[in-house]
Amino acid sequence: MMDLLNILLSESFWAASLRIATPLIFGVLGALICERAGVLNLGIEGIFVVGAMSGWMAVWLGAGLWGGVLVAALAGAFFGLLHAILTVPLGLSQHVSGLGITLFATSVSYFSYRTALPNVSSPPRIEPFQPLDVPILSDLPFLGPVLFQQTALTWLALLMVALVWYVMNRTALGVAIQAVGDNPDSVDAQGLSVYGLRMGAIVAGSALMALGGAFLTMSAFDAFFFGMVNGRGWVCIALVIFASWRPGKALLGALLFGAFDALQVRLQAEMGALVPGQIFLMVPYILSIIALVLTARSADYPRALLTPWFKGQR
Amino acid sequence: MIRIEARPSTPRAMTLGIPVLSALIALALAAIPLLAAGANPIAAYGEMLRGVFGSVFAVSEMLTRATPLIFTGLAAALAFRARLWNIGAEGQLYLGAMAAVAVGSGALDIPGLFLLPLIVVLGAAAGAAGMVVPTFLKVRFGADEVVTTLLLNFIILIFLQMMLEGPLQDPMGLGWPQSAPVLDQGMLPPLMDRMRVHAGLIVALVLAVLAQFMLARSVWGFRLRAVGENAAAARHAGIGVNRSLFGVAILSGGLAGLAGVSEVAGLKGYLTADLSPGFGYTGIVVAMLAGLSPAGVVIAALFIASVFVGADSMSRAMGVSSFLADLVVSMSLLCVLVGGFIARYRLVWVRAGKAAR
């Protein structure tokens, strides 16, 4: 019990939680934007992979770290556009299209990786984002190590929470995006483009998702590995329901998840001799299912989620 | 001005032609990555064809590869017909495989006449249990089964590693994370001498015929289709929607479990954590290419298996990454999706004056 308290009070634990939460923050925000506009994006898992691969490869080819971030976002936007075309003007099954995008984006990434590096057993490493050492603030007790020694991408994620909240709640664009996910007919009646809003939201959301992947290869690690995304995208799809499609709660959900994940790593180290380590590895996935089960019934789903809309058909 | 208009009915030629065309277009599109990898596409296609049909051995390899895909393709097709989104076939496959080695590798030393059916039944039951849980969470708590089945895949894979380093580990295996071999009398027999194709294929084909018949002709099949087309209307018509969902969950999970049984007791003989290179996920593509028809699943599985076996052989000969196969598979899914749009809608030209009315 003392051990648990020691863990929960340690700076390194909370720093790790925020670090683990970062890709999920990007992912949940991305999924949130798509779903608020009425479109489920199960391409998320593959878009994470493509973001991780393309961002890292761009840096390796000499694009610079922020160049890599840009490349990742553009790659995510490209696969988002594909999903948008299939699900919005063509109105095809969002489930199947999303899974198709995940398979396609993953195989494009893996094929490109293998084609660029045919004979390597371990990938070349890049110089990843370093912790930002903010003068004075980094020396604050507790908050210093937790907040002010994270990398720039974690700060970008936190900034995105504020930005998405602002756009969704304080701008006409945000109101229109939410309306198009609730009642596309009313948006159409106001002379706004349902297709444009939905497709734009999917493209923007997918670019954000890809940044979650880019964080993995450019900040958390320094290279690309097969299977490194490991279900993080699917976790985001569960978390966005937990978050009731709200940016603030999305941050909370991602942080909670990060905290439990950081905790299981530490418990595994402490109790590894007593129980198989795999028990702890399952915890994050089981928690995601529990979060979904607890919140699914009361969740305030965007009313037109999964429903295609065609111009001129009421 | 162009307007999208629903077709009154889809021409039969389209229902059959679109999947074939999608598969061919996906194969043709593979020329782009082949060129990018510096290979001659024509030569590559030639190598692929030779790798699949060049010898009896090659065909046997293709049929071996198609076997699990028929099982997982049927699992997806049945569930999707009822709009139960079972994306968890990968995990259910491993549940079936674990059950198979748990009883089949020496725990019960009984004659093959009893052991083999027991392995099959328990493997199917384990897979079914893996789908009943998310179906319960959906029906009782409204938890989206897409997310729960996807997450369960990861949980089951970790559980598998735990079992292979624990209770299921082969004591003679020098510490490798693999199970003890299935007893000889528990193995599905090979169909041909010195070939890997095994009796699992026959089981898969029989189940495809059964599924096709039940779906098209039985009351059960009618209910399942009704639930898939409009759950609210089906409920109104007095069809037990939840009962139908649990029924199809058991069948779908069971079929995925059998894929695992067939791979362990028909092909590998023991269980490792890399038994399946994504057969569960590929089964979804198989089902979609098949237009969710069980008979179509067999043909689609043969096609996808050919792509994988052909790409493997082409990869060995020409040094192009065998991930090319995954590219073709995912592109054929996207193509058949677009094809589905063309089958359901048509574009009509509307003159501006008339449109305004």
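Structure's up top.
Residues numbered from 1 in each chain as written. Chains lettered and ligands numbered in written order. Predicted model: local features only at pLDDT ≥ 70, side-chain atom pairs only at ≥ 80, totals over all residues.

## Here we look at the overall build of chain A
Check the secondary structure of chain A and you find 13 helices and 0 strands. When its helices and strands are written in sequence order, chain A yields α-α-α-α-α-α-α-α-α-α-α-α-α. Here the C-alpha radius of gyration of chain A, 20 Å, is about what a compact globule of 314 residues would show, namely 20 Å. With respect to the three principal axes, the spread of C-alpha positions in chain A is 65 × 50 × 45 Å. Residues counted as buried form 51% of the 314 residues belonging to chain A. Here the contacts in chain A between residues at least 6 apart in sequence split such that 79% fall between residues at least 24 apart. (Helix = DSSP H or I, 4+ residues; strand = E, 2+ residues; numbered from the N terminus. Rg over C-alpha atoms; globule rule 2.2 N^0.38 Å. Buried ≥ 20, exposed ≤ 12 C-beta atoms within 10 Å, placed from the backbone. Contact = placed C-beta atoms within 7 Å.)

## A word on the pairing of strand 2 (residues 345-349) of chain B
Residues and elements named next belong to chain B. Counting buried residues in strand 2 gives 0 out of 5 residues, a small share hidden from the surface. Sheet analysis places strand 1 (residues 2-6) next to strand 2, joined by 5 bridges and oriented antiparallel. In the strand pairing of strand 2, E5 is matched with R346. (Pairing = 2+ DSSP bridges.)

## Observations concerning the interface of chain B and chain A
Each partner contributes residues to the interface: chain B has 42 residues there, and chain A has 36 residues. Looking at the side of chain B that touches chain A, the elements with two or more residues in it are strand 1, helix 2 (31-36), helix 6 (112-141), helix 7 (145-164), helix 12 (279-289) and helix 14 (323-344) of chain B. With 13 residues, the top contributor of residues to the side of chain B that touches chain A is helix 14 of chain B. In terms of residue class, the side of chain B that touches chain A is built from 31 nonpolar, 8 polar and 3 charged. (Nonpolar A, V, L, I, M, F, W, Y, C, P; charged D, E, K, R; others polar.)

## Looking at the packing of helix 7 (residues 152-170) of chain A against helix 12 (residues 247-271) of chain A
Residue and element names in this part refer to chain A. Running from N to C, helix 7 and helix 12 point in directions that differ by 155°, and their axes come no closer than 8 Å. Taken together, helix 7 and helix 12 sit at an angle that is classed as roughly antiparallel. Here helix 7 contributes V161, V164, W165 and M168 to the contact with helix 12, which in turn contributes P247, G248 and L251. Grouping the amino acids of the contact of helix 7 with helix 12 by side-chain chemistry returns 6 nonpolar, 1 polar and no charged. (Axes fitted to C-alpha atoms, helices over the stretch in contact; angles between N-to-C directions. Parallel < 35°, antiparallel > 145°, perpendicular 65-115°, else oblique.)

## A look at unusual backbone geometry
Residue and element names in this part refer to chain A. Positioned with a positive phi, S244 is a non-glycine residue whose angle comes to about 50°. Within the secondary structure layout, S244 lies in the loop between helix 11 (232-242) and helix 12. Although it is not a glycine, W245 adopts a positive phi angle of roughly 60°. For W245, the location among the structural elements is in the loop between helix 11 and helix 12.

## Describing the packing of helix 12 of chain B against helix 14 of chain B
All names here are of chain B. Remark: helix 12 packs on helix 14, axes separated minimally by 9 Å, with the N-to-C direction vectors making an angle of 35°. The way helix 12 lies across helix 14 gives a crossing that is left-handed. Contacts between helix 12 and helix 14 involve T282, V285, M288 and L289 from the former and V329, S332, L333 and V336 from the latter. Split into classes, the residues belonging to the contact of helix 12 with helix 14 amount to 6 nonpolar, 2 polar and no charged. (Left-handed = near helix turned anticlockwise from the far one by under 90°.)

This is a description of form; function is not addressed.
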